[in-house]
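Read off the chains here:
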Amino acid sequence: MEKTLEKIIGIAEKFNPVSKLLPSPFRLSLIIYALIVLYRVNGNKVQIFESIGVAIFPAFFIAYIATIGPHYLNLLEPIEDISDDAPELGFFEELRQLKNHQIGTLFIFIPIYLLITYKLNKKLLHKVMNMISPH
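Calculation criteria
Residues numbered from 1 in each chain as written. Predicted model: local features only at pLDDT ≥ 70, side-chain atom pairs only at ≥ 80, totals over all residues. Heavy atoms only, no water. Axes fitted to C-alpha atoms, helices over the stretch in contact; angles between N-to-C directions. Helix = DSSP H or I, 4+ residues; strand = E, 2+ residues; numbered from the N terminus. Parallel < 35°, antiparallel > 145°, perpendicular 65-115°, else oblique. Contact = heavy atoms within 4.5 Å. Left-handed = near helix turned anticlockwise from the far one by under 90°. Nonpolar A, V, L, I, M, F, W, Y, C, P; charged D, E, K, R; others polar. pLDDT = per-residue confidence, 0-100. 1 Å grid on protein atoms, 1.4 Å probe; cavity = no way out; pocket = protein on both sides within 12 Å on 5 of 7 lines; lining within 4 Å. Points joined across faces, edges and corners; volume = space filled by probe spheres on them. Phe/Tyr/Trp six-rings, centres within 6.5 Å; stacked < 30°, edge-to-face > 60°. Buried < 20%, exposed > 50% of the residue type's maximum accessible area, 1.4 Å probe, protein only.

With that settled, the discussion passes to the packing of helix H3 (residues 25–41) against helix H7 (residues 102–120). The interhelical angle for the contact between H3 and H7, taken along N-to-C directions, is 140 degrees, at an axis separation of 9 Å. Between H3 and H7, the interaxial angle falls into the category oblique. From H3, Phe26, Arg27 and Leu30 reach across to H7, where they touch Ile116, Lys119 and Leu120.

As structure tokens, then:
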């Protein structure tokens, strides 16, 4: 009986704990915020494929909305008070819009995207930098 229990414990120790499998609280809150903003941009409609893209790449979506339609980022402002046209969604449309707003892309999109991406992947980047140039 003890050998069986030891085998089970040995197998269980090989797996990562559940806390390492779940995303960080920052990533979860960023995904939820990005999905809420997507819901506001879509006019209170849920689009499954767009939602999946936003959940996978929340930094890109938030930086894009900050560049093209920053009013949608303010969750306290009612949608009815926003007079601008809704930003075009879809990956290729988003890239086209960023190409058309070159100054905004340079000074708004790139810094926001890099900052959020750095915050999301800080541990991984530090591990890679330590492997490249150990102290």
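Moving on from the coordinates now.
The description of two helices packed together rests on the angle between their axes and the distance between the axes. In the contact formed by helix H5 (residues 58–68) and H7, the axes pass within 9 Å of each other and the chain directions differ by 155 degrees. What the angle tells us is that H5 and H7 run roughly antiparallel. Considering only the axes of H5 and H7, their crossing is right-handed. On H7, the residues touching Ala59, Phe60, Ile62, Ala63, Tyr64, Ala66 and Thr67 of H5 are Gly104, Thr105, Ile108, Phe109, Ile112, Tyr113, Ile116, Thr117 and Leu120. Each residue belonging to the contact of H5 with H7 can be placed in one class, and the counts come to twelve nonpolar, four polar and no charged.

The next point concerns the side chain of Thr105. Mapping Thr105 onto the fold places it in helix H7. When sequence neighbours within four positions are dropped, the list of residues in contact with Thr105 reads Thr67, Leu98 and Ile110.

With 89% of its residues at a pLDDT of at least 70, the protein reaches an overall mean of 86. Confidence, read as mean pLDDT per element, is least for helix H2 (residues 18–21) in the protein (61) and greatest for H5 (95).

In this structure, the second largest pocket spans a volume of roughly 180 Å³. If you go around the second largest pocket, the residues you meet are Leu38, Glu50, Gly53, Val54, Phe57, Phe60, Phe61, Leu89, Gly90, Phe91 and Glu94. For the lining of the second largest pocket, the secondary-structure elements that each account for two or more residues are helix H4 (48–56), H5 and helix H6 (91–100). Among the elements that make up the lining of the second largest pocket, the one with the highest residue count is H4 (three residues). Its residues assigned to classes, the lining of the second largest pocket comprises seven nonpolar, two polar and two charged.

Under the counting rule described, the total for this entry stands at five aromatic pairs. Measuring from ring centre to ring centre gives 5.3 Å for Phe60 and Phe109, while their planes differ by 80 degrees; the resulting arrangement is edge-to-face. Taken together, the residues span a long stretch of sequence, with Phe60 in helix H5 and Phe109 in helix H7 at a distance of 49 residues. We classify Phe60 as buried; its relative accessible area is 14%. Owing to a relative accessible area of 8%, Phe109 belongs among the buried residues under this scheme. Ring centres of Phe60 and Tyr113 lie 6.5 Å apart, and the angle between their planes is 85 degrees; this geometry places the pair in the edge-to-face category. Note that Phe60 is positioned in helix H5 and Tyr113 in helix H7, a separation of 53 residues in sequence. Chaining the aromatic ring pairs together yields one cluster made of Phe60, Phe91, Phe92, Phe109 and Tyr113.

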